[in-house]
Amino acid sequence: MKEVAVVGAGMTLFASRMMETGKELCWEAAKQALDEAGLSLQEIDAVIMGTAPDAFDGIHKKGENLLDGAGGANKPYMRVYTGGGTAVMTPIAGWWHIASGMFDTVLVVNEEKMSSARPHAQSVFAHIWDPILDRPLRPNLVWIFAMEMQRYMHKYNVRKEDIALVSVKNKRNAVDHPCAQLADPKITVEDVLNSEPMALPVRRLDISPPSDGASALVLASLDVAREICPDRIVTIDGVGWCIDTTMWTNRDLAFPKFLARAADQAYRMAGIKDPKKEIHIAEPYDPFNYKELQHMEGLLLCEPGEAAILTREGVTQRDGRLPVCPSGGLLGVGNPIAATMGIKVGEIYWQLARKAGKRQVRNDPVTGVCQAWGDLMQFSSVLVMRRR
Amino acid sequence: MEKISKPTEIKHQLGHMEVDHYHYTVGLAGERFFTALREEGKLLGARCESCGVTYIPPRIYCEECFAELDEYVDLGLEGEVRSFTIARIDRDGRPLDPPEIRALISFGEDTTDLLHLLGEVEPEEVYIGMEVEAVLKPKREREGKVTDIRYFRPIK
Ligand SMILES: [Zn+2]
């Protein structure tokens, strides 16, 4: 198996409505990533596209529609889609294209344009549910998450105040991200606790917003990476993914077992025995504030119920022992589903390569983990990266 | 396995897709193209010098080399038919009378094609290589859409 490195990353602004077409967003992100890698499009062997349901953009087969903006014309090209999990699954697909020995350089482009669907993106989510049992009861995503949050708080005795701290941390971190949509340097726990009730316990500031945006990565075999960017060798050392049962009613809502399995797979591949000690920085998926905590636990970075305590103690701040979502996360930068790759995989790459600028964490991390979560709220993809 | 003979008599749940409509932006290059069409009655393209390709409608990037394209060129209203089809029934199988002629219009050898309709021509008179010109709607009726061009007709 060939070893694989990340050699460039790029992303557009995340915003609730963008004038650019999906293709134009793809090109802006892909061009940045290629420029950072110092490669031209002609030097790319294959292209992987990640994008969520066609119904958001309103273009059936939108992966094929986006391909020329993603640089896929006349190249081996495929689309990967695992809902929100796409953010980390496309880079995993990019990894296996190189690890397999098939290719030396792969461009990975993720795009989302959620503003096209009217009246709003929720009308697309409305038909992800089981048509016989769920849809007659008119579910929406928020109240499903509210029930999960309720179970999580109940089982591990987690306080709403500690969960609110995640929104505060991430929205403040996002102030230093040039692509951020919802940064807020002055936000307080009280603001979060008193924000508009949606489906209690979930309130407005517990949630990330729908966004338009795109992100891109350039992956290369380690041999190629040593030639083109010997100053920053950041490799993908472990990958994992796993999915729980179809029906959300049949899952353990407090602890994400499927994520623990995906993480275990990635850690074993990377030779990590004790992730609590060996992982120095993490970008878990944070579309809701409680999900960051639950995902830290699923990533085995602490015991179930312990993430809230670490957050309260400041361990997960940028200057803490284990910085978590130093990018500002989905809560602060925005949530253009697949395109959040830029603040998960992109951020860990920039941090390990010491290229994160004002967001650079203080503990000079060598090993980091990032994760995305999606499909029918029961899938996770995990990626472990190292600086060599 | 059981075959269904009367679909309405078996237990079922009726559903519909809840998206009401879509709002497709025309993008950065699209803004230039459709504004020039509506305001000036011009067809703009974007040229990539290094690849020697002109894109119509224009784009902000070259799909071959990824260069940023910011040079817009007026391609004029005349081109030639590169391929065509004569549609005699519609999507639901109903006869189209008169038939609709759809064609790919070429604006030059190194230029991408534009899909449009042909008009003021009998179906049996159309041939590949036929020289055609765009017939635009009057300015007050133009909306900044591809249908601001009514059709292309033979150059007499
Ligand atoms: Zn070019």
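See the structure shown above.
In short, a report on the structure.

## Observations concerning the side chain of S327 of chain A
All names here are of chain A. Within the secondary structure, S327 sits in the loop between α13 (307–312) and α14 (329–332). Since its relative accessible area comes to 0%, S327 is described here as buried. Within the structure, the side chain of S327 is placed 2.8 Å from the backbone nitrogen of G329, a separation counted as a polar contact. Apart from the residues within four sequence positions on either side, S327 is in contact with N173, A174, H177, E283, V333, I343, E347 and R359.

## Examining the pairing of strand β4 (residues 105–113) of chain A
All names here are of chain A. In terms of residue burial, β4 counts as a mostly covered element, since nine of its nine residues are buried. Neither face of β4 is left uncovered, since the one carrying T105, L107, V109, E111 and K113 and the one carrying V106, V108, N110 and E112 both have all their residues buried. Of the strand pairs in this sheet, strand β2 (residues 46–51) and β4 are connected by six bridges, and their pairing is parallel. Paired with V47 across the two strands is L107, which belongs to β4. The pairing of β4 with strand β8 (residues 212–221) spans nine bridges and is antiparallel. Within the sheet, the bridge partner assigned to V109 lies in β8 and is A216.

## Comments concerning the sheet that holds strand β4 (residues 72–74) of chain B
Residue and element names in this part refer to chain B. Spatially, three strands are ordered β3-β2-β4 in an open sheet, and the strand pairing comes out antiparallel. Pairing within the sheet leaves two strands with one partner each, and these edge strands are β3 (53–55) and β4. Neighbour-to-neighbour, the strand axes of this sheet turn through a mean angle of 40°, independent of strand direction. Examined bridge by bridge, strand β2 (residues 44–48) and β3 share three bridges and lie antiparallel to one another.

## Here's the deal with the nonpolar core
Across soluble globular proteins, you tend to see nonpolar side chains buried next to one another. Residues and elements named next belong to chain A. Ranked by size, the top nonpolar core spans 107 residues in total, and within it I236, Y267, V369 and M385 carry the most contacts. For I236, the contacting residues outside a window of four places in its chain are V4, V6, W95, L219, L383, V384 and M385. With 58 residues, the next largest nonpolar core counts W27, L66, V224 and A225 among its residues.

Analysis parameters
Residues numbered from 1 in each chain as written. Chains lettered and ligands numbered in written order. Predicted model: local features only at pLDDT ≥ 70, side-chain atom pairs only at ≥ 80, totals over all residues. Heavy atoms only, no water. Helix = DSSP H or I, 4+ residues; strand = E, 2+ residues; numbered from the N terminus. Buried < 20%, exposed > 50% of the residue type's maximum accessible area, 1.4 Å probe, protein only. Polar contact = N/O pair within 3.5 Å; in protein donor to acceptor, adjacent residues only side chain to side chain. Contact = heavy atoms within 4.5 Å. Pairing = 2+ DSSP bridges. Axes fitted to C-alpha atoms, helices over the stretch in contact; angles between N-to-C directions. Core = buried A, V, L, I, M, F, W, Y, C linked by side-chain atoms within 4.5 Å.

Purely spatial values, then, with no claim about function.
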